[in-house]
Each structure stands twice: as C-alpha cells, then as structure tokens.
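Summary of the model geometry
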Amino acid sequence: MSWSDELVSSDIEHMRQVLRGSQRLPRHVAAIMDGNGRWAELRSMPRFEGHRAGMESVRSVVKACSQVGVQYLTLYAFSIENWKRPAPEVRFLMSLLESYLKKELDELHENNVRIRTIGKTNALPRVVEKVLQKAIERTSGNDGLTLTLALSYGARWDIQRAMQVIALDVRRGKLSPEDLTESTISEYLQTSYMPDPDLIIRTSGEIRLSNFLLWEAAYAELFVTETLWPDFRDVDLYNALLDFTQRERRFGKTSAQLGAAAKTKPSTMERLRNALK
C-alpha cells in the first residue's frame, strides 16, 4: 500500500502540509522508545504485550516521518544492555523483530524506505540476522526515508570499536595522529553514513540518553514526553517536530548573529494556526 493514498483527518493533513513546507524540519530524527513495560503493567498485562503494542507505534512513526519528508529516522530498538533482561523477554523481542521485518518489508520497500542498522548485529540470533540482512539488501536502492534500527547497540561500544580501528590504522601507517579530527572519528563510527541527529525524542518521561548516539548527539535537540511508547503515534511525532521548528539552534553563536531577518517570517506554528482556521 502506498502511504500517499492514505486517508487522514483534515487536521492531520494540515499538520503534514505545514511540516512539509517548513524550512526547519529536522533532517534526522532519532527515538528512544521507552515505556513498553510500564504501559503493560498499568493495564495488568504481561510485559510482552507492551512490546507488541509498541510495534504499532513503530509503524505509525516510520510512516509519518516518510510522509512529511524526514530523511533519516533512527530507532533505539535493542541496546547492548538489553541482553541482561530475562531470557524469555529477550527471545520474544527477537521474535518480534523478525516478525516486523517479514511483515513490513514489502510495504517499506513500496514506499521507498531504505533499511540500515547499527550495533553489534552478529550477536543477534542467526535467523534474525538473516532476515535483517535480506531487508537491508532489498531496500538498498531506495532513496526515501532511511530507517536505521539500532540493534545490540551501545554508543560507548561503537566509540571503543572506532578507537581500536583508528589505533590499528595509525600502527599500519594509514593514519597519523595529526590527521585525527572530529570528522575522522565520525568516519570510523557505524553512523558515518548519516548526518548527526537534529532531534532526539524520548518517551515515558525519562531524561537521559541511555548510551544512545553519544558522540552524534552533541548538538541534538531533545524532546522528552511523558507519553509511553505504545501510545506514541503520528500526531505525537508531529507535535515534537513542530516544537523543534520553534527552537533557535545557535551552535555557539548569538541570536543576533543568526539574523533578525528570519524573525520577520511567519513561524511554523503560526502557519499551522493559520492553516487550521
């Protein structure tokens, strides 16, 4: 099914139009999908059901990002630390990932989504690794939204791995210490193919990065919501994007340096209010 053919409410369509026309839409959105277990506990359900419900939010957010023109979406799906969880929960999460990739691959491919991954993926069950590689290969030629799944991922692990490779290249004479810059380090990270995240969304109200994109998040805007991940849908994403468009990203400069001229233009929020009148 093509997502462009989907029928939505007029309010949602207005939000999409305003975001598509915004000059300040984040190029790269990353999400820490937190709160599945609490969502299930609040309903006296097994934690498994929270993870299952969270997959609907994944579908909604992936589709919503693609529809408004976000170029990169990175989802913190399974951290290195998550291997410490009870074995039955880990097995369920691996099964859920396998099921998602198998069921959604055709639709993702039809809608020009490119699937990538970061993390120690050779630690995944072999069957899951095979399904993941198939999805990556099948969508490799797509040039729409790049969906990156962070699996068995930890930012410190990736930085450590990069430092080890850099040290080897220095020892082999391929690189000198004087050549080591921020850009060089970024090139050795698994995230080298994507721009740094502009916006990191964390659900469930927790205010921490949890070992996610630590190097890349240096200048990212953070959006924390009390909404639990299974309740997070397209309208929640659009509200986060609208909030982002209102922020002044100075990167060390002053507001005056950014120019007063930009302030004379109607903001994205003003355009949205006008569109909804």
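Reference entry: report on the structure contained in this document. Just so we're clear, the structure is a prediction, and the values are computed from it rather than from any experiment. (Residues numbered from 1 in each chain as written. Predicted model: local features only at pLDDT ≥ 70, side-chain atom pairs only at ≥ 80, totals over all residues. Heavy atoms only, no water.)

Points about helix H4 (residues 87-110)
An α-helix turns once per 3.6 residues; consequently, residues spaced three or four apart project the same way. With 24 residues, H4 should reach 34 Å at 1.5 Å per residue; the first-to-last C-alpha distance of 35 Å fits that figure. A bend of about 50 degrees at Glu 104 is the largest found in H4. Directly beyond the C-terminal end of H4, a positive phi value near 65 degrees is found at Asn 112. (Helix = DSSP H or I, 4+ residues; strand = E, 2+ residues; numbered from the N terminus. Expected span 1.5 Å × (residues − 1). Bend = angle between axes of the 7 residues up to and from the residue.)

Let's talk about the nonpolar core
Grouped together as the largest cluster of nonpolar side chains are 52 residues, with contacts concentrated most on Val 62, Leu 73, Leu 75, Leu 237, Tyr 238 and Leu 241. Excluding residues that lie within four positions of it along the chain, Leu 73 makes contacts with His 28, Val 29, Val 61, Val 62, Cys 65, Leu 145, Thr 146, Leu 147 and Thr 148. Within the second largest apolar cluster, 12 residues are counted, among which are Tyr 76, Ala 150, Tyr 153 and Ala 217. (Core = buried A, V, L, I, M, F, W, Y, C linked by side-chain atoms within 4.5 Å. Buried < 20%, exposed > 50% of the residue type's maximum accessible area, 1.4 Å probe, protein only. Contact = heavy atoms within 4.5 Å.)

Thoughts on the pairing of strand S2 (residues 72-79)
A large share of S2 lies buried, amounting to seven of its eight residues. Two elements, strand S1 (residues 28-32) and S2, share five bridges in a ladder whose sense is parallel. Looking across to S2, one finds that His 28 is bridged to Tyr 72. Sheet topology places S2 next to strand S4 (residues 146-153); seven bridges connect them, and they run parallel. (Pairing = 2+ DSSP bridges.)

Remarks on the environment of Val 18
By the element assignment, Val 18 lies in helix H1 (residues 10-20). Separated by 50 residues in sequence, Val 18 and Val 68 place their C-alpha atoms 8.9 Å apart.

So, the packing of helix H3 (residues 47-68) against helix H8 (residues 234-245)
Two numbers describe how H3 lies on H8: the axes approach to 9 Å, and their chain directions differ by 50 degrees. Between H3 and H8, the angle is such that the two are oblique. Where H3 crosses over H8, the handedness of that crossing is right-handed. Contact with H3, carried on its side by Ser 60, Val 61, Ala 64, Cys 65, Gln 67 and Val 68, involves Asp 234, Leu 237, Tyr 238 and Leu 241 of H8 and no other residues of that element. (Axes fitted to C-alpha atoms, helices over the stretch in contact; angles between N-to-C directions. Parallel < 35°, antiparallel > 145°, perpendicular 65-115°, else oblique. Left-handed = near helix turned anticlockwise from the far one by under 90°.)

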